[in-house]
Amino acid sequence: MLAVEEALRRILATVQPLHSENVALPDALRRVLASDVHAAYDLPPFDNSSMDGFAVIAADIMMSSASNPVTLRVIEDIPAGKAPQLNVASGQAARIMTGAPMPIGADAVVPVEQTDQDRLSPEMPAQIKVLQGVKKGDYVRPVGEDVRRGELVLEKGRLLRPADLGVLAGLGVAQVEVMARPQVAVISNGDELVLPHEPLTPGKIRDMNSYIIPALITEAGGEPLLLGIAHDTAESVRAKLTEAITQGANLILSSAGVSVGAFDVVKTVLDEMGSVEFWKVNLRPGKPLTFGQIQGVCFLGLPGNPVSAMVTFDVFARAVIRKMLGLPVEMPTQTAKMGEAMTSDGRMTFARVRLVRENGDLVAYSTGNQSSGAISSMVKADGLLIIPEGVRDIQPGQRLSVRRFRAED
Ligand code: AMP
Ligand code: MG
């Protein structure tokens, strides 16, 4: 049977990074930057005060102290947002607020606390006594201290974070070039499926995959196109796949109907509309993963059991979405120590585990029922333990790779 790595290699060989698009800055959060951003300006854009106080010439007040204060004449008020009008000469000071531009001539700021002024009154004092000297450059934030003009600030391929939006705003970037979000069609197959708000008549179950898969797509950086439930007939499946193509899907994710059951028609329709590349991988859960193409669009037929659908999404669909976004496809793993014995059947296995910290080690325990139909075991899980192909017995204390769902703690 096809090994997971080989299956992934064959799938990824058929997809390419998508185009880029411009979005308004507030919409760029968690989007993938499509090109390097170099600073068009210095940050801060001018020398400015980091304190409320007085802009002075440091040499003037070198010797000042509480017992022997130096008196300076105050020549102007510089609030934030205003350009200084006068130059500071020896014996003079300008009252300055945090963030306001330094006046020409001054080379330091004396914080108000180091003068005889208790607090900054609305009226500008005519003169001040400096009770403590400052050195040249004190309390001044020089132009370009934070970011230099021309500097590479954000690299292509970066997943934009709140601070990144801040630096872009600071540099006057209002539109950001990001990778287009892959449009991912989602289809649930099965005559047994009804929606959560519908009555559960005999033999029916509620469609979980129509909720799980779009959520996973969104988390991975794609945009789900919800196509709803297809019946177990060739006509119904054909109609949904046609709709996916018409809507311009970059990837089609269908779940169920790909096993060897009498009504599993998905492979037949895929073969008729496009091509079936393979339909089995050496993976547990998730063996009946089907890969094909329809008019050049990647089709992944995920198994119907919600846990299998999630695992195959994690291993294959996420990688496809990430490649389309220009992101590295390999997901980070951590090493966990087994807290108990576990067994596998020799297929590459993704086991649902709880992860706890014990004496500095990340320790993995099974969430119990590992049936691929048991969604509760996924709800309880903190991650997926990766048991390599060929391994059947895991002993307590053994170390294995684990894919954590959340990176925190
Ligand atoms: P199948 O691949 O069609 O044989 O489905 C495998 C199992 O997954 C069956 O027990 C289905 O009822 C179940 N299943 C299929 N699709 C869904 C779904 N969307 N939500 C929950 N369970 C499903
Ligand atoms: Mg079915």
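Residues numbered from 1 in each chain as written. Chains lettered and ligands numbered in written order. Predicted model: local features only at pLDDT ≥ 70, side-chain atom pairs only at ≥ 80, totals over all residues. Heavy atoms only, no water.

### Re the domain arrangement of the protein
Inference 1: Structurally, the protein comprises domain 1 (4-16 + 181-324), domain 2 (28-43 + 147-179), domain 3 (48-141) and domain 4 (334-404).
Inference 2: In this structure, domain 1 and domain 2 have C-alpha centres spaced 35 Å apart. (Domains from an automatic or database assignment.)

### Section: the sheet that holds strand β17 (residues 275-278)
Inference 1: In spatial order, the strands read β15-β12-β16-β20-β19-β17; together these six strands make up an open sheet with mixed pairing. Strands with a single pairing partner mark the edges of an open sheet, and in this sheet they are β15 (223-230) and β17. Across the sheet, the axes of successive neighbouring strands diverge by a mean angle of 25 degrees, strand direction being ignored.
Inference 2: Two strands pair when backbone bridges link them, and strand β12 (residues 183-189) and strand β16 (residues 251-255) are joined in this way by five bridges, in the parallel orientation. Paired with V186 across the bridge in β16 is L253.
Inference 3: Here helix α1 (residues 4-12) sits on the sheet and contacts β17, β19 (290-294) and β20 (297-302); the angle it forms with β17, its principal contact strand, is near 145 degrees.
Inference 4: The sheet strands contacting helix α4 (residues 234-246) are β12, β15, β16, β19 and β20, and the helix crosses β15 at an angle near 165 degrees. (Pairing = 2+ DSSP bridges. Helix = DSSP H or I, 4+ residues; strand = E, 2+ residues; numbered from the N terminus. Axes fitted to C-alpha atoms, helices over the stretch in contact; angles between N-to-C directions. Contact = heavy atoms within 4.5 Å.)

### Some thoughts on the side chain of D164
Inference 1: Here D164 shows up in helix α2 (residues 162-170).
Inference 2: Excluding its chain neighbours within four sequence positions, the residues that come into contact with D164 are L154, R158 and L159.

### What to know about the pattern of salt bridges
Inference 1: Tallying each qualifying case throughout the model produces 14 salt bridges.
Inference 2: The salt bridge partner of K135 is D138, with a shortest N-O separation of 3.7 Å.
Inference 3: Residue classification places K135 among the exposed residues on the basis of a relative accessible area of 58%.
Inference 4: With a closest N to O distance of 2.7 Å, D164 and R158 form a salt bridge.
Inference 5: Residue classification places D164 among the buried positions, given a relative accessible area of 5%. (Salt bridge = Lys/Arg side-chain N within 4 Å of Asp/Glu carboxyl O. Buried < 20%, exposed > 50% of the residue type's maximum accessible area, 1.4 Å probe, protein only.)

### Quick look at the site of ligand 1
Inference 1: Within the structure, ligand 1 sits among 16 residues, and E192, D207, M208, G257 and N305 are positioned closest to it.
Inference 2: N209 is positioned such that a nitrogen or oxygen atom in its side chain is 3.3 Å from a nitrogen atom of ligand 1.
Inference 3: The contact in question runs from an oxygen atom of ligand 1 to an N or O atom on the side chain of S259, over 3.4 Å. (Near = heavy atom within 4 Å. Polar contact = N/O pair within 3.5 Å; in protein donor to acceptor, adjacent residues only side chain to side chain.)

### Notes on the pairing of β16
Inference 1: The buried fraction of β16 is high, at five of five residues.
Inference 2: Judged by which residues are buried, β16 turns out to be covered on both faces: L251, L253 and S255 on one side and I252 and S254 on the other are all buried.
Inference 3: Relative to β20, β16 runs parallel, the two being bridged by five bridges. Within the sheet, the bridge partner assigned to I252 lies in β20 and is F299.

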